[in-house]
Amino acid sequence: VGSGYVLLHHVLGEAAGKQGVWAYVEGGMGRISDAIASAAKEAGAKLLTNCQVKSIDLDERAGSATGVTLESGESLTARVAVLSNCTAHQTITKLLPENFLDSFAGGGFRSYVRHIKGFDYSCGSFKINCALSKLPDFACLPNGRSRDGE
């Protein structure tokens, strides 16, 4: 039993250059983060964990980020760029000075900021894959019986 969505997912999927298939990350999704961190370190990035960013430091005349200040008060200067892995709402409302983006593009960012501030993050979802020793026994679909009761 399947659905059009599942069929579409399989038809559009691609793994290792083969169309119509998909795969799981060996070792779990955390391995993707590990690979990104490894590549960043090889390129010279300094990665810090378990520390909170208080603010993104700016050169307001140039209109660019120059680094970050941590909650501890330590300032870190960026050699190339500052990246945020927070939501756009968190980055704009908590890490950047209020109204900072108003001065760019003749105020053209105002509608974007309004949109971000009003974005609803309340609808989340997740997926879990389980390896089971036997079929589950749901009250609505007891193990060994079809949906038609046959």
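Per chain, residues are indexed from 1 in the order of the written sequence. Whole-chain, interface and lining totals are the exception, using all residues; otherwise, since this is a predicted model, local features are given only for residues with pLDDT of at least 70 and side-chain atom pairs are given and counted only at 80 or more. Side-chain numbers come from the whole structure's heavy atoms, not from hydrogens or water.

(A) Examining the overall build of the protein more closely. A count of helical and extended segments in the protein gives four helices and five strands. Each helix and strand of the protein, placed in order from N terminus to C terminus, yields the pattern α-β-β-α-β-β-β-α-α. Across the 150 residues that make up the protein, the buried fraction comes to 11%. It only takes one pair of heavy atoms within 4.5 Å for two residues to be counted as in contact. Looking at the protein alone, contacts between residues at least 24 apart form 27% of all its contacts between residues at least 6 apart. Where accessible areas are quoted, they stem from the Shrake-Rupley method and a 1.4 Å probe; at the residue level, only the protein chains shown are allowed to cover. A total of about 12600 Å² of accessible surface is found on the protein, and carbon and sulfur atoms cover 55% of it. Helix and strand assignments follow DSSP, with helices taken as H or I runs no shorter than four residues and strands as E runs no shorter than two, numbered in order from the N terminus. Accessible area is worked out with a 1.4 Å probe on protein chains only. A residue is then buried under 20% of its type maximum, exposed over 50%, and partly exposed in between.

(B) Expanded view of a nonpolar patch on the surface. Patch membership is restricted to residues that have no salt bridge and whose relative accessible area is over 30%. Joining uses 9 Å for like charges and 5 Å for the nonpolar side chains Val, Leu, Ile, Met, Phe, Trp and Tyr. Salt bridge, as used here: a side-chain nitrogen of Lys or Arg that lies within 4 Å of a carboxyl oxygen of Asp or Glu. A contiguous nonpolar patch, built from Leu 7, Leu 8, Val 11 and Leu 12 and spanning about 400 Å² of accessible area, is present on the exposed surface. Tracing the sequence through the fold places Leu 7 in helix H1 (residues 4–12). For Leu 7, a relative accessible area of 57% puts it in the exposed group.

(C) Molecular detail of the nonpolar core. Side-chain atoms within 4.5 Å link the members of a nonpolar core, which is a set of buried Ala, Val, Leu, Ile, Met, Phe, Trp, Tyr and Cys residues. Counting residues in hydrophobic clusters, the biggest one holds ten residues: Ile 56, Val 68, Leu 70, Ile 92, Leu 95, Leu 96, Phe 100, Leu 101, Val 113 and Ile 116. Those elements that place two or more of their residues in this core are strand E4 (64–70), helix H3 (88–95) and helix H4 (110–118).

(D) Inspection of the packing of H3 against H4 at higher detail. Angles shown run from 0 to 180 degrees and are taken between the N-to-C directions of axes, each axis being a line fitted to C-alpha atoms and, for helices, limited to the stretch in contact. The N-to-C vectors of H3 and H4 enclose an angle of 110 degrees; their axes lie 9 Å apart at closest approach. With respect to H4, the axis of H3 lies roughly perpendicular. In this structure, H3 uses Ala 88, His 89, Ile 92 and Thr 93 to contact H4, whose residues at the interface are Tyr 112, Val 113, Ile 116 and Lys 117. The residue makeup of the contact of H3 with H4, split by class, is five nonpolar, two polar and one charged. Each angle is binned into one of four classes, with values under 35 degrees roughly parallel, values over 145 roughly antiparallel, values of 65 to 115 roughly perpendicular, and all other values oblique. When residues are sorted by character, Ala, Val, Leu, Ile, Met, Phe, Trp, Tyr, Cys and Pro go into the nonpolar class, Asp, Glu, Lys and Arg into the charged class, and all the rest, Gly among them, into the polar class.

(E) Structural context of the sheet that holds strand E3 (residues 53–59). Strand order in this open sheet of three strands is E3-E4-E5, and the pairing throughout is antiparallel. Bordering the open sheet on either side are E3 and strand E5 (75–77), each of which pairs with just one other strand. Taking the axes of each pair of neighbouring strands and ignoring which way they run, one obtains an average angle of 30 degrees across the sheet. At least two DSSP bridges between two strands are needed for those strands to be called paired. Where E3 lies against E4, six bridges are found, and the strand directions are antiparallel. The residue bridging Val 53 from the neighbouring strand is Leu 70, located in E4.

(F) Spotlight on the confidence of the model for the protein. Chain-level pLDDT for the protein is 80 on average; 83% of the residues reach the 70-or-more range. Note on scores: pLDDT gives the predictor's confidence for each residue, bounded by 0 and 100. Ranking the elements of the protein by mean pLDDT puts H1 last, at 70, and E5 first, at 95.

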